[in-house]
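Reading the structure
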Amino acid sequence: MNNFAYSRAHTVTDAIQQINSHGHSQFIAGGTNVVDLLKYFITSADALVDINPIEEHHSIEEMEDGGVRIGALVTNADTAYHPLIGQRYPLLAKAILAGASPQIRNMATNGGNLLQRTRCYYFYDANAPCNKREPGSGCSAIDGYNRIMAILGTSEQCIAVFPSDMCVALAALDAQINISGPYADHTIPLVDFHRLPGDTPHLDNNLQPGEIITSIDLPAQGFSRNYSYLKLRDRNSYAFALVSVATGLELEGDVIRDVRIALGGVAHKPWRVPEAEDFLRGKTASRENFGAAADIILRGATGFMHNNFKIELAKRAIIRNSMMALHPETQLPGAQPSL
Ligand SMILES: Cc1cc2nc3c(=O)[nH]c(=O)nc-3n(C[C@H](O)[C@H](O)[C@H](O)COP(=O)(O)OP(=O)(O)OC[C@H]3O[C@@H](n4cnc5c(N)ncnc54)[C@H](O)[C@@H]3O)c2cc1C
Ligand code: SF4
């Protein structure tokens, strides 16, 4: 591992000053992703700026508009088990608890989860061509072993997926990401935060160099009565999603008044298709209607041989998860139904 300087920032201003004063520096929060990337020589840094001392980013608070603000430095575990999240946003708690392991969730922060890198095998193999790690070198996955790769929003340059569980629920909940930077503070909707690969696959998201994520805002509508998160994977724990689905429903009888469906494991960003949600509004919550919505969501999906199965799997997962959302009381917290 290369040598790097280490410093601690106690305020946002301090963090932004420090990150912009070193030639090539990175923030470190829980360290569960960035340290691995440094050890494998996938990324490099002359300096790491530890942002854990920034106290105001460690809280979860109700906002005046009825929503909830979650600090970027709150751990995934503390977020999932916080009473406000458990009661008002159980979809988020369930998605977080489907990820990683208890030990990792105890260290991993919400800001770091948003910025974790892809789990594409070739990205982590410093000897393999990879446009994300080394722009212009090629993509080893397109004609390689691509079982875990994307089926939606891909480009000729990259077919990687964004691996987060938490962010799939945040996409369904219409979360907003609050950011501070050297010039201004601003907010980006979660659905616009991560990028599609296009011809710039080295850019995962729209955070600009030198900026820091301060918090995540959840709107008042938490879909706490009818929700479900389904994660399908090769092992039932400690594995990333092949396909995951977050569903939130607002029902009047058996009629859908409002609905959100977001997919993980299928694209370079959490995948939402407003047209499918428009289709469902005002319709009966039935297997047939969820199936028709699934067809809209998967429109244009393309496999790359080893991951062709994901197209059908995603459709079935959408139907199953949406039906499960009708009876969330039958789901144990964090439990994953067997296939
Ligand atoms: C074995 C393993 C299994 C896992 N399984 C899953 C899984 O199933 N599902 C899932 O969703 N995740 C999974 N993860 C990923 C895990 O959730 C992330 O590694 C974690 O959320 C990253 O958070 P962190 O605080 O440790 O980030 P760090 O590693 O500290 O940082 C990650 C990146 O974010 C930047 N950063 C961190 N905080 C900020 C901030 N506030 N502002 C700006 N930049 C910042 C850092 O500079 C760095 O580039 C797994 C990880 C491991 C190691
Ligand atoms: S899919 Fe993306 S991350 Fe994977 S090898 Fe190709 S360019 Fe690299």
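Coordinates for the structure precede this section.
What this report covers is the structure whose coordinates are included nearby. (Residues numbered from 1 in each chain as written. Chains lettered and ligands numbered in written order. Predicted model: local features only at pLDDT ≥ 70, side-chain atom pairs only at ≥ 80, totals over all residues. Heavy atoms only, no water.)

**Brief notes about the overall build of the protein**
What counts here: Only DSSP runs of H or I reaching four residues or more are called helices, and only runs of E reaching two or more are called strands; each is numbered from the N terminus. Here the globule rule reads 2.2 Å times residues to the power 0.38, and the radius of gyration is calculated from C-alpha atoms. Each residue gets one of three labels from its accessible area relative to the maximum for its type: buried under 20%, exposed over 50%, partly exposed in between, using a 1.4 Å probe on protein chains only. Only heavy atoms enter the contact rule, under which two residues are in contact if any of them lie within 4.5 Å.
Within the protein one finds twelve helices and twelve strands. Computed over the C-alpha atoms, the radius of gyration of the protein is 20 Å, within 12% of the 20 Å expected from 2.2 N^0.38 for a compact globule of 339 residues. With respect to the three principal axes, the spread of C-alpha positions in the protein is 60 × 50 × 35 Å. A total of 339 residues make up the protein; the buried ones form 55% of that total. The long-range share in the protein, meaning contacts at least 24 apart out of those at least 6 apart in sequence, stands at 64%.

**Re helix H1 (residues 12-21)**
Spacing of three or four residues puts side chains on the same side of an α-helix, whose turn is 3.6 residues. Spelled out, the test is: Starting at the helix axis, one direction is taken to each C-beta atom, and the arc is that of these directions.
Considered for burial, the residues of H1 that qualify are Val12, Ala15, Ile16, Gln18 and Ile19. Considered in projection along H1, the buried side chains sweep an arc of 165° and stay on one side of the axis. Structural note: H1 exposes Thr13, Gln17 and Ser21 on the side pointing more than 90 degrees away from its buried face. Those residues of H1 that are buried lie in contact with strand S1 (5-8), strand S2 (25-28), strand S3 (47-50), strand S6 (176-180) and strand S8 (212-218).

**Describing the sheet that holds S2**
Backbone-to-backbone hydrogen bonds join strands into a sheet, with any given pair of strands oriented parallel or antiparallel. Quick note on the threshold: Whether two strands pair comes down to DSSP finding at least two bridges between them. Whenever a helix is involved, its axis is fitted only over the stretch in contact; in every case the axis is a line through C-alpha atoms, and angles between N-to-C directions fall within 0 to 180 degrees.
Read across the sheet, three strands follow the order S1-S3-S2 without closing on themselves; strand pairing throughout is parallel. Edge strands, defined here as strands with exactly one partner in the open sheet, are S1 and S2. The average undirected angle you get between the axes of adjacent strands in this sheet is 25°. Note that S2 and S3 share four bridges and pair parallel. By the bridge assignment, Phe27 is partnered in S3 with Val49. Sheet strands in contact with H1 are S1, S2 and S3, and its direction is about 145° off that of S2.

**Topic: the nonpolar core**
This is how the line gets drawn: In plain words, nonpolar cores are sets of buried Ala, Val, Leu, Ile, Met, Phe, Trp, Tyr and Cys residues tied together by side-chain atoms within 4.5 Å.
Of all hydrophobic cores here, the largest spans 41 residues; its most connected members are Ile70, Ile85, Leu92, Leu114, Leu170 and Leu218. It is helix H8 (residues 166-172) that provides the largest number of residues to this core, a total of seven residues. Val243, Val259, Ile261 and Ala267 belong to the second largest nonpolar core, which has 30 residues in total.

**Examining unusual backbone geometry**
For Asp174, which is not glycine, the phi torsion reads 60° and is therefore positive. Along the chain, the position of Asp174 falls in the loop between H8 and S6. At Tyr238, a position not held by glycine, the phi torsion is positive, near 60°. Along the polypeptide, Tyr238 turns up in the loop between strand S9 (226-232) and strand S10 (243-252).

**What to know about the site of ligand 2**
How we decide: One heavy atom within 4 Å of a molecule or strand is enough for the residue carrying it to be called near that molecule or strand. Residues are grouped as follows: nonpolar covers Ala, Val, Leu, Ile, Met, Phe, Trp, Tyr, Cys and Pro; charged covers Asp, Glu, Lys and Arg; every other residue, Gly included, is treated as polar.
With respect to spatial proximity, 13 residues lie near ligand 2, and among them Cys120, Cys130, Cys139, Cys158 and Ile159 are the closest. Of the residues assigned to the shell around ligand 2, the class counts are nine nonpolar, three polar and one charged.

**Quick notes on the site of ligand 1**
Note the following rule: Any pair of N or O atoms that falls within 3.5 Å is considered a polar contact. Within protein, one atom must be able to donate a hydrogen and the other to accept it, and sequence-neighbouring residues count only if both atoms are side-chain atoms. Throughout, the Shrake-Rupley method with a 1.4 Å probe supplies accessible areas, and for residues the shown protein chains are the sole cover considered.
For ligand 1, the set of nearby residues contains 32 residues, the closest of which are Phe27, Gly31, Thr32, Thr109 and Asp165. A distance of 2.9 Å is found between an oxygen atom of ligand 1 and a backbone nitrogen or oxygen belonging to Ala100. Take Asn113: an N or O atom from its main chain is 3.3 Å from an oxygen atom of ligand 1. Compared with its free state, where it exposes 990 Å², ligand 1 has 92% of that area covered by protein. When residues of the shell around ligand 1 are traced back to their parent elements, those giving at least two are S2, helix H7 (110-115) and S8. At four residues, the largest contribution of residues to the shell around ligand 1 is made by H7.

**Overview of the sheet that holds S9**
Strand order in this open sheet of four strands is S9-S10-S11-S12, and the pairing throughout is antiparallel. Whereas interior strands pair on both sides, the edge strands pair on one side only; in this sheet they are S9 and strand S12 (271-272). Summarising the sheet, strand S11 (residues 255-264) and S12 pair through two bridges and their orientation is antiparallel. Residue pairing for S12: Ala262 is matched across the bridge by Arg272. With respect to the sheet, helix H12 (residues 309-324) is in contact with S9, S10 and S11, its orientation differing from that of S10 by roughly 35°.

In short, geometric facts, not functional conclusions.
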